[in-house]
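Commentary on secondary and tertiary structure
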Amino acid sequence: MPIDSQYLKTPSCWPDEDQLRLLKIVLGRDEDVPSRWHDWKTRVDFDAIDYPSLQLIPQVYRRLKTIVPHEPLLPKMRGIYKKMWFANQMLFNNTIPAMETLNANGIDWMAIKGVGMLRYYPGDVGLRPMHDFDILINKHDLEQAVDLLIADGWRATPPLGRNAIRLGTHSEHALSLARTTTCIDIHWHSLHQDLSADSESDIWKYRQPDRLIDRNIEVPAPTEQLFLMCIHGVRWEDTAKLLWVVDAAMLLEQAGDEIDWDRLLDHAVRRHFACVLASGFTFLRDDLDIHTPAYVLNRLQTRRAMTFDSFISEPLEHLELEALSRHPGVRTRSQRFASDAMRHWRSAGLPSNPWQALKHWVMITPDDPKPIEAGLRALLRISIKWWPLKHALGSRYQGLFLRRPPTFIKAPLVRPGEVVHFTKTGIGSELAIEGWSAAEPDFTWSESCHARLLFKLEDDPLACHQVKFFAGAYLPPGIRHVSADILINGVPMARWRFGRDLAHGMERQMSLPAQLQGAKPSQTGSLIDIVVQNAKLYCPAQHENSSDHRFLGLKLYWMHVERNQTISIDDPIDFTSKGEGKHHLGSGWSNPEPAGTWTVDERARLRLTLDRSFGPTIAVELTLTPFAPSGHTQMITLVAASTRRRFTFDLHQLETIVVPIDNPASGTDNEIDIEFRIAEPISPLECGLSTDERRLGLMLNRLRLIDPT
Amino acid sequence: MLASHYQINRPFVIRESFDDEDVIVNLDTGSYFSLNKTGTKIFNLLEAGATIDSASDHMIQTHTGDVAVIDLAVCNLIEQLLTEGLILAVERTESMDNHDAAPIPDDAEEKPAFTPPILEKYTDMQEMLLLDPVHDVDDSGWPARKPDSV
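Below is a summary of the structure that appears in this document. (Residues numbered from 1 in each chain as written. Chains lettered and ligands numbered in written order. Predicted model: local features only at pLDDT ≥ 70, side-chain atom pairs only at ≥ 80, totals over all residues. Heavy atoms only, no water.)

**Re the sheet that holds strand E6 (residues 119-122) of chain B**
Residues and elements named next belong to chain B. Where we set the bar: At least two bridges found by DSSP between two strands are what make those strands a pair. Strands here are runs of E lasting at least two residues and helices are runs of H or I lasting at least four, both read from the DSSP assignment and numbered beginning at the N terminus. Throughout, an axis means a line fitted to C-alpha atoms (over the contacting stretch in the case of helices), and angles, computed between N-to-C directions, take values from 0 to 180 degrees.
Taken in spatial order, the 4 strands line up as E2-E3-E4-E6 in an open sheet, and their pairing is antiparallel. Strands at the two margins of the open sheet, each flanked by one partner only, are strand E2 (13-18) and E6. Strand-to-strand twist of the sheet, defined as the mean angle between neighbouring strand axes without regard to direction, takes the value 20°. For E2 and strand E3 (residues 21-26), the ladder comprises 6 bridges, and the chain directions are antiparallel. Considered in E3, the bridge of Val13 is made with Asn26.

Here you go:
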């Protein structure tokens, strides 16, 4: 069976650099559009544009036609826009008779997903492409609705009998009906991850009237629509979804005042999507400057840690893993399971996502299950029970249950000060529970987009700790950098970026999430769950003369947990290679050099832990050197995490500046987080100064905290 | 029929402007039409309540060119629009605008030369929806197919 090359792409959840640039063209400031478009066009072959980016082209066209009116690609882009407009018009026209049939028979329905978004793209249905017409109906109306539509000439895809439809209402969330080129997705649950009985109650309760082609329809309220679009969008796919980002931005712009944020929080928590929503909102804030209320994100992140407590620790201690799959964490479990399996499928030349693979396979080769079954058993150590669906679905289809044998995962203990080596002789492999290679002599590779470490910290759980890593990455020829997000107990802590200079290895540290610090020991037992989300994995065999067919991301040498290194007021911290400053570096920095430490990204973070709590204000004295070749200045914005207050200044030579930092948690907090944003990082290579490819912004030489009181 | 007033065949026909090009779709048949600038002007006149004569007069007064050619071109376009079901011939109603009130540039203003109206028609809806708008189209963009694309 030939394998479509699209299956061999590395799955992703977040936009890559070029996709992000395109999103910024759509959502950013007018004055930045020409340069961003130029950058995008220089880097991306328009003829090889990926599908999620193609979906944004109508909106890119709308911005470019006035700002870059002589762009030669505009006619082609206008054609894409026209096609999407035409396709939507035909979709609505072909679907309206079905909706009228439902109305005439008293079946309640509302338009969800893309059609529910149209009201936030006022006056232009061509800007929001969609494949099908998604509607939500009540589960008890499903059979009647399907009967009526089949009588109107619609057909289930794949073909299903009544029994299958009845069975499906318990295990599925939607059903597709097609007629000629048009498809209606009938949902009785709006999300495939949540099939609980009352999952849709608020969507129905708060629905709102809308108009579509001169007809009255109903759609979810902005609160529920935002929730659904984010949950649909933030997921691992062969290529990251992008439309949800624009949807969220448009909805917040058009109807942000109408959103009931407490209700949205309630959905996220009650339906166990706090983790997904927090990730989505964090991405919108950090990468696109699209803000949701700070308290919403704080609560989602706090809740995420608590959800972790309940869904990981109990099964680990008492229950077999199968129980986990019935727990709210099932979706996470499934994703991890899928990504873990990915490399095996790849090495066997099968589609990358096993769930997709199984679906794919079940559809086309139903008569010979043994190779796949044997492969799954051997590779994933799971048992399989075939579930013949001949009676329900017809002879072409078979389903299967996958079930891991009863297993306990023991989280190994790690003591403060202990160095855990991820080498053949180290104990790192005991912590590396998912997504890692077998240990090599010096390190262990992450081989999955979602590689996980789990351990118990044997120390006072109320103490503040930081975890240090020495890590590198596989950077194939022609690729300038790779990145990975680091999550600790579900909380995004850092984005590590490896350029050529750091690919061999760099030392990084993070404080453990604040939510854990106040947790009762019995809740978590100081269980630390670290997830490395590689933005992209590369296969050496595909990029260089190598027989290594694995997909590789980050390589981990060692890990070390210790109590936070504290600093005192007035004690200077030296960020040269001889100083102790490296203990306070977050993401976005190079390794310390003799003169100081360079930023190597657009953002770089510091975390400082005082030896005591401090008052309402403290001042930070910073000695900084800009990377400003040819006498140019470098614009720096310093953001204090506690208040998001910003200070912007221009640097053209070594300077010492003093910045006041407010502390809303006066007297109780001793952590200070600072972020540097560099306006125009540039590499010495680009300036013709050397072969150094790092995009430098400023060098931090020295730091001192001052108590103004 | 040509002496009547006209209206767009709603709700079966929808129209959208994409900058200097008007797109009309007959939802009933799935046919897609593209009108050039002159065609759009005539279509606007008809929508505002013009007859064939008044539309033709307007175009003659506002453009330079052979009167007979302009008159014939307007007539042909209206016939095409009727044949394709994009407009319907109707009796004049009070709700129709008085197209005669449409501003006519005075003689001092330079009139553009008349270019014939063009109504391009694309009929195979399924083919159009399957046409790759990046690779299978010429430089003018979808739905104009590349000559060598299958």
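Continuing now.
**Structural notes on the environment of Tyr295 of chain A**
All names here are of chain A. Formally: The contact criterion used throughout is that any non-hydrogen atoms of two residues lie within 4.5 Å.
As for its placement among the helices and strands, Tyr295 is situated in helix H14 (residues 294-318). Taking the C-alpha atoms as reference points, Tyr295 and Asp262, separated by 33 residues in sequence, lie 9.9 Å from one another. With residues up to four places along the chain from it excluded, the contact list for Tyr295 reads Trp261, Asp262 and Leu265.

**Looking at helix H10 (residues 222-233) of chain A**
Every α-helix carries 3.6 residues per turn, so stepping three or four residues along brings you back to the same face. All names here are of chain A. Put simply, the test is: What a helix should span is 1.5 Å times the count of its residues minus one. Buried, partly exposed and exposed residues are distinguished by accessible area as a fraction of the type maximum, computed with a 1.4 Å probe on protein chains only: under 20%, between the cut-offs, and over 50%, respectively.
The terminal C-alpha atoms of H10 lie 16 Å apart, and with 12 residues this matches the ideal 16 Å at 1.5 Å per residue to within 8%. Here H10 lies mainly inside the structure; 12 of its 12 residues are buried. By the burial criterion, the buried members of H10 are Pro222, Thr223, Glu224, Gln225, Leu226, Phe227, Leu228, Met229, Cys230, Ile231, His232 and Gly233.

**Concerning the pattern of salt bridges**
Residues and elements named next belong to chain A. How we decide: Salt bridges are identified by distance alone: a Lys or Arg side-chain nitrogen within 4 Å of an Asp or Glu carboxyl oxygen.
Summed over the entire model, instances satisfying the criterion amount to 40 salt bridges over all chains. Two residues, Arg495 and Asp287, come together in a salt bridge whose shortest N-O distance is 3.5 Å. Residue Arg495 is found in strand E17 (residues 491-498), and its partner Asp287 is found in helix H13 (residues 274-288); the two are separated by 208 residues along the sequence. Arg495 sits in the partly exposed class, given a relative accessible area of 35%. Here the salt bridges do not stand alone but share partners, grouping Glu17, Asp18, Arg21 and Arg43 into one network.

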